[in-house]
Amino acid sequence: MATNKYEDYCAHCRRLLLPGAGTLRRGRTGWLTYCHAEAPDLGQPGPILESRNPELRRHESLVTFVHARLDEDEQGTSGDGTSWRHHPPRSGTVIDDHDQPVFHAQRDIATHLATWDPPHIWGNLESRRLVVDLYEAADSAAKEALREAVRALAMAYRDHADFDPAWLLREW
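Residues numbered from 1 in each chain as written. Predicted model: local features only at pLDDT ≥ 70, side-chain atom pairs only at ≥ 80, totals over all residues. Heavy atoms only, no water.

**Considering the environment of alanine 138**
Link 1 in the chain: In this fold, alanine 138 is placed in the loop between α3 (118-137) and α4 (140-155).
Link 2 in the chain: Under the relative-accessibility criterion, alanine 138 is labelled buried at 19%.
Link 3 in the chain: If we skip the residues at most four places from it in the chain, alanine 138 touches Lys143 and Leu146. (Helix = DSSP H or I, 4+ residues; strand = E, 2+ residues; numbered from the N terminus. Buried < 20%, exposed > 50% of the residue type's maximum accessible area, 1.4 Å probe, protein only. Contact = heavy atoms within 4.5 Å.)

**As for the packing of helix α1 (residues 61-75) against α4**
The relative placement of two packed helices comes down to the angle between their axes together with the axis-to-axis distance.
Link 1 in the chain: Two numbers describe how α1 lies on α4: the axes approach to 10 Å, and their chain directions differ by 45 degrees. In terms of their interaxial angle, α1 and α4 are classed as oblique. In this structure, α1 meets α4 at a crossing whose hand is left-handed. Contacts between α1 and α4 pair Leu62, Phe65 and Val66 from the former with Arg147, Val150, Arg151, Leu153 and Ala154 from the latter.
Link 2 in the chain: Partitioning the contact of α1 with α4 into residue classes produces 6 nonpolar, no polar and 2 charged. (Axes fitted to C-alpha atoms, helices over the stretch in contact; angles between N-to-C directions. Parallel < 35°, antiparallel > 145°, perpendicular 65-115°, else oblique. Left-handed = near helix turned anticlockwise from the far one by under 90°. Nonpolar A, V, L, I, M, F, W, Y, C, P; charged D, E, K, R; others polar.)

Set out below in structure tokens:
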């Protein structure tokens, strides 16, 4: 069971919870913190993040662009959910959870591959999707700041043919 790493308010009773005093459960727009007594039943799956089915919602072009690029990135990962690691340690061979070789290369390249294993990439993609979801769910006061965050996410794909130069926050 995951606990909160930072102070947060219970999503049910709004009581302030110190680090480690709450339970994390996935909500519509991310992870929610609950008092241990108020946490939803762990046997029940939490609500699905909105980002999981973006086709069902209307988006502005920036959001549609970022969703499409994140989906492309996810398609490029291994589909079986295994983690990668060096074997033997610090060698040039990367293996998966089933002890099957994934790749053999120079040690620095193997280290890079082991670091960016599929579960790590999926977590990275999910956090980016959460920023987009928070932007879409925000009220007008927070929406402009979050729009800048979504533009920053889009800038990672500035070489893509569909990228609009108006989304650039700065040149580099």
